[in-house]
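Survey of secondary and tertiary structure
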Amino acid sequence: MSITTRQRRPIAPTSGDALPPRAPGRDRPRPSAQSSTWSEAAEEGGGSLDWKIPFVALAFLRYMSATSNIIHDCDETFNYWEPLHYLLYRSGFQTWEYSAEFALRSYLYLLFQALVAAPASFLFGDDKVRVFYAVRLFLGLISTASDTMLIVALSRRYGRRIASYTLAMLCLTSGCFFASTSFLPSSLSMYAVTLSSALFLLEKYGMAVSVAAAGVILGWPFSVLVALPITFYSLKRRFKEVFLAASMTSIVALILSVLTDHHYYGRWTSSVLNLLAYNVLGGGESHFYGTEGLFFYLRNGFNNFNLCFVLALLFLGILPIARKKFAPDLLIVVSPLYIWLVFMSLQPHKEERFLYPIYPLICIAAAAVIESFPDLFRRKYVTTDSPIVMAAKILRPLVLSLILCASHSRTFSLLNGYSAPLEIYKHLSFHEDAGEGSILCVGSEWHRFPSSFFVPSYISEVRWIDDGFRGLLPIPFNSTLGGTAAAPPYFNNKNMASEKQYLRDTEACTFLVELELKRPYPSHGSDLSKWEVLAAIHYLDRELSSPLYRSFFIPYMWQRNVFGLYKLLKRIPNPETTSQV
């Protein structure tokens, strides 16, 4: 008998099988050590977070910021809102930085906001206040998008918990609340740092460095220091991809910047290089515009972030314990916080807005420290958590709640104490009966002028009156000299006052805005036989109020602050002049 062997007929592959079945365990893709660490950290941190919840939460808070934020710095008004107003309406104040002789400010940054401002001005017509808030909403939207990207990246790398803590602080800390909708290049740099950090954590290295480069060139050139750690480590990991992407982005941005500067300044120049040369290579006289002590940014950081700022500075302290979890990538992202603080603290000229680029990094570092509380008390070979570890877990939401409550207290204090300038100018729209050609005069309150967007069209001029200030003030753009291409002789970079900056004949003033404080000197509007008070709003007197009471809103104690009155006055017609007419 012969034995025959049957051969099994091969199974035809189905449409979904591109290849025959593989032997078990052969050529199976294995997870890399990096992705394994990712998944472990994400699982330990509570899993990843969907983008919808962060986006909605941030959008709501950014909308609140856009509609209620005050203007914290006159630089925002005169170096950005006013030139934008000129581009839209052919009127507005010019600073010496926008003189074609110096050309320190970039019109490309203004054109970025004009993408929204120009259509809004066409849509709303003479209602310029709505154009102002349309730009702010646009800034809030950019902030929302970049912050959401950061939260998603953090949740994928380190879990839901650290992402949620960061989200809460991005939403509610005073610094982020106010900086997110400020019309300043440092805010644009902040958006770029946020988005660049998110892309770096997602291993999109070329895009991360490209975004950082765009933020430096289109926003604030000095923020290059914040971008250095991510740039260096990205180049180390994928040199060719990162170098090509960053180079192309930088070249395109610089070309656009130079072409825009040539168009508006009327000569070949680069505002980016001019600004760097003015401040770095000599000739910079930034000390003329205010200097502060070595610890200014530490005080300022605590005011805007309270305990969050303290915890952020402690990030390096917890790193030896949480090294496996946060090093090297989160350390690379957070490291510019320390670089920037040291560098900026050594500069004599200090402004609150100079810290804006590192605001999101403060929130990340603080969230990492809070998330690591239990790790400080865990023992290496103990499998169950001790009571002190359980207590540390309970401490996390308590500390976060304390940060958010203090932040809300700070935000409430600033909005209620210093919002009078924005609100008082809105009353001008109710007094069009004053007639075309009216003149609005402002004295010592020139630095709180919220911008020409709040000045109705029936007012032909806004003029400064001499209240003793001897520095150089902004002067209206002069179309007869060339507008943006003009180099007016009355501008200088030494902060020397010009004779053209003041209106000498105060009798020509139709309206007057001034702050009445409890001081021994008289005010222009104190003579009620000449002036009628149209509106008056309380304004917190910083000098006479306690730092504790004014910095944070404490129920039943905040009212102990001293308040002045921010007034809008209208000149009472002279009976003799009226009868002659």
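The structure presented is a predicted model; accordingly, all values stated were derived computationally and were not measured.

At a closest axis distance of 8 Å, the pairing of helix 5 (residues 128-158) and helix 8 (residues 185-201) adopts a crossing angle of 25°. As judged from the angle between their axes, helix 5 and helix 8 are roughly parallel. For the element pair helix 5 and helix 8, the recorded crossing hand is left-handed. On the side of helix 5, the interface is formed by Leu139, Ile142, Ser143, Ser146, Asp147, Met149, Leu150, Ala153, Leu154, Arg157 and Tyr158, while helix 8 contributes Tyr191, Thr194, Leu195, Ser197, Ala198, Leu199 and Leu201. Of the residues in the contact of helix 5 with helix 8, the class split is 12 nonpolar, 4 polar and 2 charged.

In this fold, Leu294 is placed in the loop between helix 12 (271-280) and helix 13 (296-305). We classify Leu294 as partly exposed; its relative accessible area is 48%. Sequence separation between Leu294 and Val342 is 48 residues, and the spatial gap between their C-alpha atoms is 9.5 Å. The contact partners of Leu294, leaving out residues within four places of it in the chain, are Ser345, Leu346 and Lys350.

As summarised here, the arrangement of the 5 strands in space is 3-2-5-7-6, forming an open sheet in which the pairing is mixed. Since the sheet does not close on itself, it has two edges, and those belong to strand 3 (459-464) and strand 6 (531-540), each with one partner. Strand-to-strand twist across the sheet, computed as the mean angle between neighbouring axes with direction ignored, equals 20°. Note that strand 5 (residues 511-516) and strand 7 (residues 563-571) share 6 bridges and pair antiparallel. Looking across to strand 7, one finds that Glu516 is bridged to Leu565.

Quick look at the packing of aromatic side chains now. For the structure shown, the criterion picks out 47 aromatic pairs. For the ring pair Tyr425 and Phe449, a centre distance of 5.5 Å and an interplane angle of 75° mean the geometry is edge-to-face. Pair noted here: Tyr425 is in helix 21 (residues 420-426) and Phe449 is in the loop between strand 2 (438-442) and strand 3, with a separation of 24 residues, a long-range link. When sorted by exposure, Tyr425 lands in the same class as Phe449, which is buried. Between Trp558 and Phe563 the ring centres are 5.4 Å apart and the planes differ by 65°, which places this aromatic pair in the edge-to-face class. Using a relative accessible area of 23% as the deciding quantity, one classes Phe563 as partly exposed. Among the aromatic side chains, those forming a connected cluster through ring pairs are Tyr80, Trp81, Tyr89, Tyr109, Phe132, Tyr133, Phe183, Phe453 and Phe454. Note that Lys128 overlies the ring of Tyr89, its terminal NZ or CZ placed 5.5 Å from the centroid.

Another aspect to go through is the UniProt feature "transmembrane region" (unreviewed entry) in the chain. As annotated in UniProt, the feature "transmembrane region" (unreviewed entry) corresponds to residues 107-125, 131-153, 165-185, 205-230, 242-260, 304-322, 329-348 and 354-373 in the numbering used here. Counted over residues 304-322, helix gives 68% and strand 0%. Its end C-alpha atoms are 27 Å apart.

A few words on helix 5. Three or four residues apart is the spacing at which side chains of an α-helix point the same way, because the helix has 3.6 residues per turn. For helix 5, built from 31 residues, the straight-helix expectation of 45 Å at 1.5 Å per residue is met to within 8% by its first-to-last C-alpha distance of 45 Å. Across the 31 residues of helix 5, 24 count as buried, placing the element largely inside the fold. Once helix 5 ends, the next one or two residues include Gly159, with phi positive near 105°.

Glancing now at the pattern of salt bridges. Where charged atoms of side chains with opposite charge meet at close range, the side chains can pair. Taken as a whole, this structure holds 23 salt bridges when the rule is applied. Residues Asp73 and Arg353 are paired through a salt bridge, measuring 2.4 Å at the closest nitrogen-oxygen approach. Placement of Asp73 in the loop between helix 2 (52-68) and helix 3 (74-89) and of Arg353 in the loop between helix 18 (336-345) and helix 19 (359-371) is noted, with a sequence separation of 280 residues between them. On the accessibility criterion, Asp73 (15% relative accessible area) is buried. Of the residues examined, Arg353 reaches a relative accessible area of 11% and is grouped as buried. Across the salt bridge formed by Arg105 and Glu97, the nearest N and O atoms sit 3.6 Å from each other. Across this residue pair, the class does not change: Arg105 and Glu97 are buried.

A separate point is the state of the cysteines. Evaluated as defined, the whole model comprises 1 disulfide. Cysteine Cys171 shares no disulfide, and the gap to the nearest cysteine sulfur, in Cys176, comes to 9.1 Å. Judged by its relative accessible area of 6%, Cys171 falls in the buried class. With no disulfide of its own, Cys363 has Cys176 as its nearest cysteine by sulfur position, at a separation of 3.7 Å.

The next thing to look at is helix 11 (residues 239-265). Its 27 residues place the ends of helix 11 37 Å apart at the C-alpha level, agreeing with the 39 Å of an ideal helix rising 1.5 Å per residue. Every buried residue of helix 11 is listed here: Val242, Ala246, Ala253, Ser257, Thr260, Asp261, Tyr264 and Tyr265. For helix 11, the elements touching its buried residues are helix 3, helix 4 (107-124), helix 9 (205-219), helix 10 (224-237) and helix 12. Once helix 11 ends, the next one or two residues include Gly266, with phi positive near 75°.

Before going further, it helps to examine the environment of Phe124. Note that Phe124 resides in helix 4. With a relative accessible area of 27%, Phe124 lands in the partly exposed category. With sequence-adjacent residues up to four places away left out, Phe124 is seen in contact with Arg130 and Val131.

If you look at the biggest cluster of nonpolar residues, it comprises 150 residues, and the most contacted ones within it are Met169, Phe315, Phe326, Leu330, Leu337, Leu440 and Trp464. Looking at this core, the element that brings in the most residues is helix 5, giving 13 residues. Not counting the four nearest positions on each side in its chain, Leu440 is found in contact with Tyr425, Leu428, Val455, Ile459, Glu461, Val462, Arg463, Phe511, Leu512 and Val513. In this structure, Cys441, Ile465, Trp531 and Leu569 belong to the second largest nonpolar core, which totals 8 residues.

Analysis parameters
Residues numbered from 1 in each chain as written. Predicted model: local features only at pLDDT ≥ 70, side-chain atom pairs only at ≥ 80, totals over all residues. Heavy atoms only, no water. Axes fitted to C-alpha atoms, helices over the stretch in contact; angles between N-to-C directions. Helix = DSSP H or I, 4+ residues; strand = E, 2+ residues; numbered from the N terminus. Parallel < 35°, antiparallel > 145°, perpendicular 65-115°, else oblique. Left-handed = near helix turned anticlockwise from the far one by under 90°. Contact = heavy atoms within 4.5 Å. Nonpolar A, V, L, I, M, F, W, Y, C, P; charged D, E, K, R; others polar. Buried < 20%, exposed > 50% of the residue type's maximum accessible area, 1.4 Å probe, protein only. Pairing = 2+ DSSP bridges. Phe/Tyr/Trp six-rings, centres within 6.5 Å; stacked < 30°, edge-to-face > 60°. Lys NZ or Arg CZ within 6 Å of the ring centre and 35° of its normal. UniProt positions renumbered as here; feature names shortened; annotations may be inferred. Expected span 1.5 Å × (residues − 1). Salt bridge = Lys/Arg side-chain N within 4 Å of Asp/Glu carboxyl O. Disulfide = S-S within 2.5 Å. Core = buried A, V, L, I, M, F, W, Y, C linked by side-chain atoms within 4.5 Å.

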